[in-house]
Amino acid sequence: MTPGGGEGGHHRCIRVGRITRAHGLHGEVKIQAYGGDPRELQRYTDLLLSPAGAEYGIRSYVEARPVDFENYAVTGTRLQGDVALVTLDRVRDRSAAEALQGREVWVDAAQLAAAAEDEFYWHEVEGMAVVTENGDPVGRVHTLFTTPAHDVLVVRNRGEEYYIPASREFVVAIDRQRRLLTVAAVDGLLDINRRGR
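Residues numbered from 1 in each chain as written. Predicted model: local features only at pLDDT ≥ 70, side-chain atom pairs only at ≥ 80, totals over all residues. Heavy atoms only, no water.

(A) Structural detail: the overall build of the chain. Along the backbone of the chain there are three helices and 14 strands. Counting over 197 residues, the chain shows a buried share of 44%. Long-range contacts, defined here as pairs at least 24 residues apart, represent 62% of the contacts in the chain between residues at least 6 apart. By element, 47% of the accessible surface of the chain is carried by carbon and sulfur atoms, the whole surface being about 10100 Å². (Helix = DSSP H or I, 4+ residues; strand = E, 2+ residues; numbered from the N terminus. Buried < 20%, exposed > 50% of the residue type's maximum accessible area, 1.4 Å probe, protein only. Contact = heavy atoms within 4.5 Å. Areas by Shrake-Rupley, 256 points an atom, 1.4 Å probe, with all protein chains shown as cover.)

Dropping the structure here:
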């Protein structure tokens, strides 16, 4: 699972991570990938940075590129543990890199490859109806978040909120045409992971 999107075009921007700090003396920045896999950041040639202090809530994408996003060409990417070390054009020293700390990182959806059949981008499932493999309705995907173990689907239904691991063990099928996500009918899964709102 990854936080981007594979529908392409339309200048839609996908939120993929956040700059956590400067690295070294030559302008590199550390980027934490929201999908948990820093390798995803290696495919991007351009990054869009939101303004310092900007808040976009829990949505993982915006419908159109905001005019106040700044575009940076990526001149280098390498991995260090669970983060990516990225070099951007116009960012040539530590001071310039430090000025970007905390900025959220977005990409144009056109840069993203199509998701594999058994995977999905975060934005694809937001708003999808969720049912169990027995056909019982669960609710709709409100958002996702990542944990060290796996991504988690947040599904809401009439004041109830369910946290369902977004892993192959629990996500049985994704029907993009019908906007329907099927989860395993595991005894107690929804009771264990239910939160009142």
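Now that the structure is up, let's keep going.
(B) Representation of the pattern of salt bridges. What the rule picks out here adds up to eight salt bridges. As a salt-bridge pair, Arg-103 and Glu-70 come within 2.5 Å of each other at their nearest N and O atoms. Here Arg-103, found in the loop between helix H1 (94-98) and strand E7 (104-108), pairs with Glu-70, found in strand E5 (residues 70-80); they are 33 residues apart in sequence, far enough to count as distant. (Salt bridge = Lys/Arg side-chain N within 4 Å of Asp/Glu carboxyl O.)

(C) How the structure looks around the side chain of Thr-182. Mapped onto the elements of the fold, Thr-182 is located in strand E13 (residues 180-183). What Thr-182 contacts, discounting residues up to four positions off in sequence, is Val-131, Thr-132, Glu-133, Phe-170, Val-171, Val-172 and Ala-173.

(D) Region of the structure containing the pairing of strand E11 (residues 160-165). Across six bridges, strand E10 (residues 151-157) lies against E11 in antiparallel orientation. In the strand pairing of E11, Leu-153 is matched with Ile-164. Counting the residues between successive antiparallel strands, the hairpin from E10 to E11 contains two residues, one of them, Arg-158, with a positive phi of roughly 50°. (Pairing = 2+ DSSP bridges.)

(E) Up close: the pairing of E7. Burial of E7 is extensive: five of the five residues sit out of reach of the surface. Residues of E7 alternate between two faces, with Glu-104, Trp-106 and Asp-108 on one and Val-105 and Val-107 on the opposite face, all of them buried. Pairing geometry for strand E1 (residues 13-23) and E7, over five bridges, is antiparallel. Residue pairing in the sheet places Gly-17 in a bridge with Val-105 of E7. Of the pairings in the sheet, the one linking strand E3 (residues 46-49) to E7 comprises two bridges and is antiparallel in character. The partner of Leu-49 across the bridge, within E7, is Val-105.

(F) View of the packing of aromatic side chains. The final tally for this structure, using the stated rule, is one aromatic pair. Pairing Phe-69 with Trp-106 gives two aromatic rings, centres 5.3 Å apart and planes at 55°, and the pair type is tilted. With a gap of 37 residues between them, Phe-69 in the loop between strand E4 (61-62) and E5 and Trp-106 in strand E7 connect regions that are remote in the sequence. In terms of burial, Phe-69 and Trp-106 fall into one category: buried. The ring of Tyr-72 has Arg-90 sitting right over it, with the charged end atom 4.2 Å from the ring centre. (Phe/Tyr/Trp six-rings, centres within 6.5 Å; stacked < 30°, edge-to-face > 60°. Lys NZ or Arg CZ within 6 Å of the ring centre and 35° of its normal.)

(G) Quick look at the side chain of Glu-28. On the secondary structure map, Glu-28 appears in strand E2 (residues 28-33). On the basis of relative accessible area, Glu-28 is assigned to the buried category, the value being 14%. One polar contact links Glu-28 to Arg-78, side chain to side chain, over a distance of 2.8 Å. Discounting chain neighbours no more than four positions away, the residues touching Glu-28 are Ala-22, His-23, Arg-78, Leu-85, Val-86, Thr-87 and Ala-97. (Polar contact = N/O pair within 3.5 Å; in protein donor to acceptor, adjacent residues only side chain to side chain.)

(H) Examining unusual backbone geometry more closely. We note that Arg-90 has phi near 75°; this positive angle belongs to a residue other than glycine. Here Arg-90 shows up in the loop between strand E6 (83-88) and H1. In this structure Arg-90 comes out as partly exposed when scored by relative accessible area, which is 45%. The backbone of Arg-179 sits at a positive phi, close to 55°, despite the residue not being glycine. By the secondary structure assignment, Arg-179 is in the loop between strand E12 (171-175) and E13. Exposure remark for Arg-179: the relative accessible area of 34% places this residue in the partly exposed category.

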